[in-house]
Amino acid sequence: MLTFSLYAGEIEWVESYQAGVEQAKKEGKNIYLLVTSESCRWCHKLEATTLLDDEVVRQIHKEFVPVHVTRDKDDYPSYIKAKMVPMNVFLTSEGRVFHTMPGYWNVEDFLSVLKDTRYKLKRIDR
């Protein structure tokens, strides 16, 4: 019960991409990078609904270092393309992209994508 309560509520975003990479290496976790824009209504909807769900928050904190950046404002590697937002990018702690998913996702679908992400990561580790 204590573990659940630690992750309930909101995602605790890391302040920058570089800080996220450093934390991921230190903790032995992968990175969940959310790229948004200030005027994107789907970004705001994702943040106000799906990313506040207790189970989504729990799984993200358990498996990833969460990093939020604003396209055209914050620094992140140029090889991470975000032609549309929101863009959900999953990276290894070394910064290698292993899964991306553009757009808004409801809670049920987002949890399914997290499951797919774990599967893809296992295939990479082989």
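Everything discussed here concerns the structure shown above.
(A) Expanded view of the pattern of salt bridges. The full count for this structure, using the stated rule, is 5 salt bridges. In this structure, the salt-bridge partner of Lys 29 is Glu 27, at a minimum N-O distance of 3.6 Å. A salt bridge links Arg 58 to Glu 55; the shortest N-O distance between them is 2.6 Å. Placement of both Arg 58 and Glu 55 in helix α4 (residues 54-63) is noted, with a separation of 3 residues, approximately one turn of the helix. Residue classification places Glu 55 among the partly exposed positions, given a relative accessible area of 26%.

(B) Local environment of the sheet that holds strand β1 (residues 30-36). The strand order across the open sheet built from 4 strands is β2-β1-β3-β4, with neighbouring strands paired in mixed fashion. Each edge of the open sheet is held by one strand with a lone partner, namely β2 (64-70) and β4 (97-102). Mean inter-strand twist for the sheet, computed between neighbouring axes without regard to direction, equals 20°. Lying over the sheet, helix α3 (residues 41-48) contacts β1, β2 and β3 (87-91), oriented at roughly 135° with respect to β1.

Rules used throughout
- Residues numbered from 1 in each chain as written.
- Predicted model: local features only at pLDDT ≥ 70, side-chain atom pairs only at ≥ 80, totals over all residues.
- Heavy atoms only, no water.
- Salt bridge = Lys/Arg side-chain N within 4 Å of Asp/Glu carboxyl O.
- Helix = DSSP H or I, 4+ residues; strand = E, 2+ residues; numbered from the N terminus.
- Buried < 20%, exposed > 50% of the residue type's maximum accessible area, 1.4 Å probe, protein only.
- Pairing = 2+ DSSP bridges.
- Axes fitted to C-alpha atoms, helices over the stretch in contact; angles between N-to-C directions.
- Contact = heavy atoms within 4.5 Å.

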